[in-house]
Amino acid sequence: MNAQIWIVDFGSQYTQLIARIYRELGFKSEILTIDQSFELLKKTKPELLILSGSPQSVFEDSTDYSLYFSSDIPVLGLCYGMQLMAQHFGGVVNKGIIGEYGKSKIRDLNNTFNIGEKFIAWMSHSDHVAVCPDNFEVFLKSENNLIAGIKHQNQNFWGLQFHPEVIHTVKGKEILLHFVEEIGLEENWKNEEIYETCIREVENIGDEFVLCAFSGGVDSLVAASIAHKKLGDKLYCFFVDHGLLRPQDYKHIELLKRESYLNIETIDAKETFLNKLAGISDPEKKRKIIGTTFIEVFDQKVKEFERTKNIKFTYLLQGTLYPDIIESHSPHKKGGKSVTIKSHHNVGGLPEKMNLKLLEPLKSLFKDEVRRIGTFLDLDKSWLYRHPFPGPGLGIRILGAIDAIKIEQVQKSDQILLEELVRSEYYNKCWQSLTVHIPQKTVGVKGDARAYEEVICVRIVGSRDGMTATWSHVPYEVLDKISSRITNEVSGITRVVYDITSKPPGTIEWE
Ligand code: XMP
């Protein structure tokens, strides 16, 4: 362990963001489970220890954390981490009645951060520190006058109730930098190391045949391009057509077949997927069915290659990113505390059932870091800056049961959305755009006749990494054009709505 900064993961959705911001600032940081941190602290110590947020409440946690506070290690507690610290030193944490979620204005009472008297921060908590412990002082307050930051009067112990690691905390990076400056840490990390680590991961597997689950999106494209450098023709990319794709996906895969150096084969599995999904409306069930059907389809391919070409695949390459893992389950196999938000289709169990080992060189990274690696690999910018598209595709953009008519409605409305965002030059200004089919009939009038038809929701968001997002303030004229084209050109749709929910509390996809 040669990281200067250790981040103890209490299960926050944002833990990895802390690590990546410190990486960007030039400091090597490592995420640890509670058990790992206890073990390591017996032998060595970091230069800064960070205690993350958590979905749990301190009232449910009876672990003794005195090891964190018993030596001269500087400690920064974030959200739950601050509450643990306050409790440990005799402060009082109150159970939340009303929470503070989303943006909040924070008053910096002594201008500690030098970023102005007030700043915007991202909150996500209901419990709060009601009484500051002895020998600590309150240096930040929220607009509701709750304690938002505490610090020890003569030791390096700090607590923040908000999340400086989240992009929506304005100047969050400066805030995190403040603490390393306070203790005089010296930079020891270069961003190119991320790229080199990914390359090493592929180099370590030896000379084997690798099957890549290839969607053509940014993540699988970058993962495959890295692997191709080492494996060349031993890498086979399979694009599964599950029938839940958009016109732009079919076009893009054909373009990649022509213009990239990858060996890409399309597997037509439309019938298999759509038959299995018929009549299923529960979102988690749909995700699980899509996930297991991917396994079956790849499994058949593995057997076919063994039988017909005498090629035996040993690895399955996936473009899994950190947010896919954190939202599906805890990233630490043992001792993790995060909760499942939704099961991302590419996570969990694939190779165990298929007898393949898993190769996921991007699994500790975020999308924007992956895009940066893509530029090191000289991949076309338009390929790298496509909006993300989830593995289960339109399966999670058609609420409830899926059928051919709804698929076509989402395909057509998505194509209109794409065309209008590209035409207005708004496509590259937002992070993701999508249309969702809402199976609710509403009354309308088309021509002179009454219409009683369903709804399409348009969602356009800004984000840095998909972990948090805000709805985009797209000009009214653009929204107007999108809406009128959808109601005119997509049969069965009379109403278009625009989603103005941030993440949290909403996720980007609707299911
Ligand atoms: P949510 O909806 O969780 O999505 O806010 C965050 C980002 O992840 C994408 N997403 C997925 N990607 N498999 C994927 O490959 C999935 O199962 C999946 N679910 C969500 C989503 O489109 C957004 O960019």
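Residues numbered from 1 in each chain as written. Predicted model: local features only at pLDDT ≥ 70, side-chain atom pairs only at ≥ 80, totals over all residues. Heavy atoms only, no water.

(A) Structural context of the overall build of the protein. Across its full length, the protein holds 16 helices and 20 strands. Taking the principal axes of its C-alpha atoms as reference, the protein extends roughly 70 × 65 × 40 Å. Taking all 511 residues of the protein together, the buried fraction comes to 57%. Carbon and sulfur atoms provide 48% of the accessible area of the protein, an area that totals close to 22,200 Å². In the protein, 61 side chains carry a positive charge and 69 a negative one; their mean positions are 3 Å apart. (Helix = DSSP H or I, 4+ residues; strand = E, 2+ residues; numbered from the N terminus. Buried < 20%, exposed > 50% of the residue type's maximum accessible area, 1.4 Å probe, protein only. Areas by Shrake-Rupley, 256 points an atom, 1.4 Å probe, with all protein chains shown as cover. Lys, Arg positive; Asp, Glu negative; His and termini not counted. Charge placed at Lys NZ, Arg CZ, Asp CG, Glu CD.)

(B) The arrangement of the packing of aromatic side chains in detail. Evaluated as defined, the whole model comprises 27 aromatic pairs. Their ring planes at 40 degrees and their centres at 5.1 Å tell us that tyrosine 195 and phenylalanine 376 sit as a pair that is tilted. Of the two residues, tyrosine 195 is situated in helix 6 (residues 192-203) and phenylalanine 376 in helix 13 (residues 367-376); the sequence distance between them amounts to 181 residues. Ring pairs connect the aromatic residues Phe10, Phe38, Tyr65, Tyr68, Phe69, Tyr80, Phe89, Phe136 and Phe157, which therefore count as one cluster. Cation over ring: lysine 381 sits above tyrosine 385, and NZ or CZ is 5.5 Å from the ring centre. For arginine 450, the ring lying beneath its charged end belongs to tyrosine 452, and the centroid distance is 5.3 Å. (Phe/Tyr/Trp six-rings, centres within 6.5 Å; stacked < 30°, edge-to-face > 60°. Lys NZ or Arg CZ within 6 Å of the ring centre and 35° of its normal.)

(C) Just the packing of helix 15 (residues 404-423) against helix 16 (residues 476-489), in detail. In the contact formed by helix 15 and helix 16, the axes pass within 10 Å of each other and the chain directions differ by 150 degrees. Overall, the two elements helix 15 and helix 16 adopt an arrangement that is roughly antiparallel. In this structure, helix 15 crosses over helix 16, and the sense of that crossing is right-handed. Counting all contacts with helix 15, which are made through Lys412, Ser413, Ile416, Leu417, Glu419, Glu420, Leu421 and Arg423, the residues of helix 16 involved are Val478, Lys481, Ile482, Arg485, Ile486 and Glu489. (Axes fitted to C-alpha atoms, helices over the stretch in contact; angles between N-to-C directions. Parallel < 35°, antiparallel > 145°, perpendicular 65-115°, else oblique. Left-handed = near helix turned anticlockwise from the far one by under 90°. Contact = heavy atoms within 4.5 Å.)

(D) Unusual backbone geometry, seen in detail. A cis amide bond, omega -10 degrees, links lysine 503 with the succeeding residue proline 504. Position of proline 504 among the secondary structure elements: in the segment after strand 20 (493-498). The omega angle of the peptide bond from proline 504 to proline 505 is 10 degrees, so this bond is cis rather than trans. Within the secondary structure, proline 505 sits in the segment after strand 20. Located in the positive-phi region is asparagine 135, a residue other than glycine, with phi close to 70 degrees. Tracing the backbone through its elements, the reader meets asparagine 135 in the loop between strand 8 (128-131) and strand 9 (136-142).

(E) Summary view of the domain arrangement of the protein. Taken domain by domain, the protein consists of domain 1 (5-182), domain 2 (191-384) and domain 3 (401-498). Averaged C-alpha coordinates put domain 1 and domain 2 at centres separated by 35 Å. (Domains from an automatic or database assignment.)

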